[in-house]
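Spelled out, the chains give:
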Amino acid sequence: MRMRIRAVIIVFILLPLILSFQSAKKTIIPLGIVAPIEKDSLIHASGFNLMGESVSKMISPSLTEEKFAENLVRIKNLQTKLYMCNVMFPGDMKIAGPNVNETTVLAYADHLFARAQKAEIKVIVLGSGTARRLPDHYDVKKATADFVILSKKIAVIAAKYQVKIALENLQSKETNFINTVKSAAEIVRSVDHPYFKLNADIFHMRREHEPPQHIIDAKDLLIHCEIAEDAERTLPGIKGDDFTPYLEALKNADYKGPIFVEAGSNYSETQMAFCFQFLAKQIENVYKN
C-alpha cells in the first residue's frame, strides 16, 4: 500500500515537469537547427523537430553511390526530420562572376536535386559564399544579371525534383555578393519562379545592420529563416540576444515557416535545450501579442 502511495506522489510531482517538456516541443513556429547528423538524439531531446546538414556531407554529387545509399539509411532512421541542407555549391564551382561554367553548374544541380528528392529533403539553402564571390572591382550589375539568368535555369531543375531553393543573404565578411535580404529579394523577384525563394538570415542581417523592415518588404518571398546570436554566432540564449524586432517583422510578414538556428555545433545537451526554450519563448511572446 505504501509503495502505491509513493508511486502516486512521485507521478504528481513529475507530471508538471513532463507536461511542460511536452508542451515545449509544440511551438508556434517550427524550430530547427543546423547541426551534425550524429547529434540527432541530442537535437531531438532538446525539443527541435527539424534539422539541417551540409550538402557536401549528405547528398553531394561528389559522394559515391555507396556512400549516398548509406546516408539514405541514416536519414530514414533519424528521430529528427532532416528538412534542409545548406552550402549548395562547393567553393571551387563558381556560380557568379566571369568564371562560371554553366554546363557544369547545371549538371551538378540536376544530380544534387535528384538526390535531395530521394532523401525527401524539402529545401536547399543557397548561400555558398565562396562560390558566389566576385573578383575585386567586378561589375555587380552584370554579375547580378548573369546570376539571375543562371538561377532561372537552376530553378527549373529544382522544380523537376520538387525541391525548393532558398537564396540566403550573407554578411560581407563571408562574401562580396548578395549581402542583404533586400538584395537577395530583388534577385528572387527577378528569377520569378515558385521553386526559387528567399531565406532571411537574421544573424547576417544584424551583422550588416539591415533593418527588420526588409523582412516585411519580402514577405511574399520568404520560405525559410535562420538565426544566431550576433557577437560570436552562438546559440540563442548563450549571450541572451533579444531578437524581438526581427521576430515582430516575421509576424507582420505573416511568416509561418521554420526558423533554423545556425550557430556552432560544439554545445552541450543543456545548452541546446536552453536554446530551444529561449527562442521558443521569444517567439511566443511576439506571436501571441
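Our structure is the block above this text.
Since the model is a prediction, treat every value here as computed from it, not as a measurement. (Residues numbered from 1 in each chain as written. Predicted model: local features only at pLDDT ≥ 70, side-chain atom pairs only at ≥ 80, totals over all residues. Heavy atoms only, no water.)

Undergrad: I'm lost on the pattern of salt bridges in this one. Help?
TA: Where side chains of opposite charge bring their charged atoms close, a pairing between them can arise. Applying the stated criterion across every chain yields a total of 16 salt bridges. Its salt-bridge partner being D220, residue R189 comes within 2.8 Å of it at the nearest N-O pair. Of this pair, R189 sits in helix α8 (residues 181-191) while D220 sits in the loop between α10 (213-217) and β7 (222-227), placing them 31 residues apart in sequence. Three or more residues joined by partner-sharing salt bridges are found here, namely E38, E53, K57 and R74. (Salt bridge = Lys/Arg side-chain N within 4 Å of Asp/Glu carboxyl O. Helix = DSSP H or I, 4+ residues; strand = E, 2+ residues; numbered from the N terminus.)

Undergrad: Looking at this structure, I do not really get the packing of helix α11 (residues 244-252) against helix α12 (residues 269-287). What am I missing?
TA: For the pair α11 and α12, the least separation of the axes is 9 Å and the interaxial angle reads 55 degrees. By the criterion of interaxial angle, the relationship of α11 to α12 is oblique. As for how α11 packs across α12, the hand of that crossing is right-handed. Residues T244, L247, E248, L250 and K251 of α11 touch α12, and the partners they reach there are Q282, I283, V286 and Y287. (Axes fitted to C-alpha atoms, helices over the stretch in contact; angles between N-to-C directions. Parallel < 35°, antiparallel > 145°, perpendicular 65-115°, else oblique. Left-handed = near helix turned anticlockwise from the far one by under 90°. Contact = heavy atoms within 4.5 Å.)

Undergrad: Sorry if this is basic, but what is going on with unusual backbone geometry here?
TA: Excluding glycine, a negative phi dihedral is what most residues carry, and trans is how most peptide bonds are arranged. We note that S128 has phi near 50 degrees; this positive angle belongs to a residue other than glycine. Of note, I178 is a non-glycine position whose phi angle comes to about 65 degrees, a positive value. Relative to the assigned elements, I178 resides in the loop between β5 (164-168) and α8.

Undergrad: Just checking my understanding: could you explain the pairing of strand β4 (residues 123-126) for this structure?
TA: Along any regular strand the residues' side chains alternate between the sheet's two faces. Residues V123 and V125 of β4 are buried on one face, and the alternating residues I124 and L126, pointing to the opposite face, are buried as well. Summarising the sheet, strand β3 (residues 81-86) and β4 pair through two bridges and their orientation is parallel. Residue pairing across strands places C85 opposite I124, the latter belonging to β4. Regarding the hand of the β-α-β motif, the stretch spanning β3, helix α5 (residues 102-118) and β4 is right-handed. Pairing of β4 with β5, which is carried by four bridges, proceeds in the parallel orientation. Paired with V123 across the two strands is K164, which belongs to β5. (Buried < 20%, exposed > 50% of the residue type's maximum accessible area, 1.4 Å probe, protein only. Pairing = 2+ DSSP bridges. Right-handed = clockwise from strand over helix to strand, strands pointing away.)

Limitation: the analysis is restricted to geometry and does not speak to function.
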